[in-house]
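Each chain, written out:
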Amino acid sequence: MPRTALTRDEVLDAAADLVRQHGPDALTMRKLAAGLGTAVTSIYWHVGNRESLLDALVERTVQEMGAIRPRGRTPAARIVSVARRLRRELRSRPHLIAMVHERGLTERMFLPAQRALVHEVHAAGLRGSRAADAVRAVQFQIVGFVLVERNRERAPVQSPGEQELWGGRTAGGPAEEDAALARALARPADPEKLFTLSVEALVKSLLADRG
């Protein structure tokens, strides 16, 4: 029996889940209505047609991405916290982020995070072009890292992979000189650890450049 009570937020939540799991092409009004246990006409009443629904999802994604707040006791720690949170948000909704980009709203989506970063680089003593360079360097590091992660996840299985290349006796060179390095490179990378390491190093270098 179709539902009689339904809110716009519930429709958007269900639509966002469909897009997250299967991409925008999987989002049809009929499939959305079936998932919600309601009539297609009810979906239209709450969000309009499919294009209006996609626009609403994009707008909500932009707003959600603006909810990132710095955490930490120092400017450096707060910048790293913004970077880590932004990476997680970008990774958790790739299809929705792609929709934002396709509608030309990427810069608007990143603006709140940029403002948070500006506040922290100012607190660290950077001004003018040096502050702007620091903000953009952190932003590019985040986006670039996420793109590399996605490309690695989509890539076909590599043969030989890092485990074979660095774990075997034929590795030679650095593997013979630094066995611990070879063992570490033979293990799968820890993206969270590597991201934090790289951002912390970048931020330390940027904030030290006050000349």
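Here the residue numbering is sequential within each chain, running from 1 through the sequence in written order. In view of the model being predicted, local features appear only for residues whose pLDDT reaches at least 70, and side-chain atom pairs are presented and counted only at 80 or more, with totals across whole chains, interfaces and linings using the full set of residues. Values shown for side chains rest on all heavy atoms present in the structure; no hydrogens or waters enter the calculation.

Enquirer: Looking at this model, I keep getting lost on helix α12 (residues 191–208). Mind explaining?
Expert: The periodicity of an α-helix, 3.6 residues per turn, causes residues three or four places apart in sequence to face the same way. Strands are runs of DSSP state E lasting at least 2 residues, helices are runs of H or I lasting at least 4, and numbering of each runs from the N terminus. Working rule for helices: expected span equals 1.5 Å times residues minus one. With 18 residues, α12 should reach 26 Å at 1.5 Å per residue; the first-to-last C-alpha distance of 26 Å fits that figure. Of the positions making up α12, those classed as buried are Phe195, Thr196, Val199, Val203, Leu206 and Leu207. Buried residues of α12, seen end-on, are gathered within an arc of 105 degrees and therefore sit on one face of the element. Along α12, the residues that are exposed and aim more than 90 degrees away from the buried face are Lys193, Leu197, Lys204 and Ala208. A contact between two residues is defined here by any heavy atoms of the two lying within 4.5 Å. Close packing links the buried residues of α12 with α5 (75–92), α7 (106–123) and α8 (128–154). Relative accessible area decides the class of each residue, using a 1.4 Å probe on protein chains only: under 20% of the type maximum gives buried, over 50% gives exposed, and in between gives partly exposed. The directions from the helix axis to the C-beta atoms are what the arc is built from.

Enquirer: How do you make sense of the packing of α5 against α12 when you look at a structure like this?
Expert: A pair of packed helices is characterised by two quantities: the angle between their axes and the separation of those axes. To obtain each axis, a line is fitted to C-alpha atoms, and for helices this fit is confined to the stretch in contact; angles are then taken between N-to-C directions over 0 to 180 degrees. The N-to-C vectors of α5 and α12 enclose an angle of 140 degrees; their axes lie 10 Å apart at closest approach. For the element pair α5 / α12, the angle class is oblique. In this structure, α5 crosses over α12, and the sense of that crossing is right-handed. Taking contact as the criterion, the partners of Ala76, Ile79, Val80, Ala83, Arg84, Arg87 and Arg88 in α5 are, on α12, Pro191, Glu192, Phe195, Thr196, Val199, Glu200, Val203 and Leu207. A breakdown of the residues in the contact of α5 with α12 according to their chemical character gives 9 nonpolar, 1 polar and 5 charged. Convention used here: angles under 35 degrees read as roughly parallel, angles over 145 as roughly antiparallel, angles from 65 to 115 as roughly perpendicular, and any remaining angle as oblique. What makes a crossing left-handed is the near helix being turned counterclockwise from the far one by less than a right angle; a clockwise turn instead makes it right-handed. All residues other than Ala, Val, Leu, Ile, Met, Phe, Trp, Tyr, Cys, Pro, Asp, Glu, Lys and Arg, Gly among them, are scored as polar; the first ten of these are nonpolar and the last four charged.

Enquirer: It is not clear to me how the environment of Gly48 should be interpreted in this structure. Could you clarify?
Expert: Along the chain, the position of Gly48 falls in the loop between α3 (40–47) and α4 (50–65). Residue class for Gly48 comes out partly exposed when judged on its relative accessible area of 24%. With sequence-adjacent residues up to four places away left out, Gly48 is seen in contact with Met29 and Ile43.

Enquirer: Help me understand the side chain of Glu149 in this model?
Expert: Mapped onto the elements, Glu149 comes out in helix α8. Judged by its relative accessible area of 8%, Glu149 is buried. Setting aside chain neighbours within four positions, we find Glu149 in contact with Arg87, Arg91 and Pro191.

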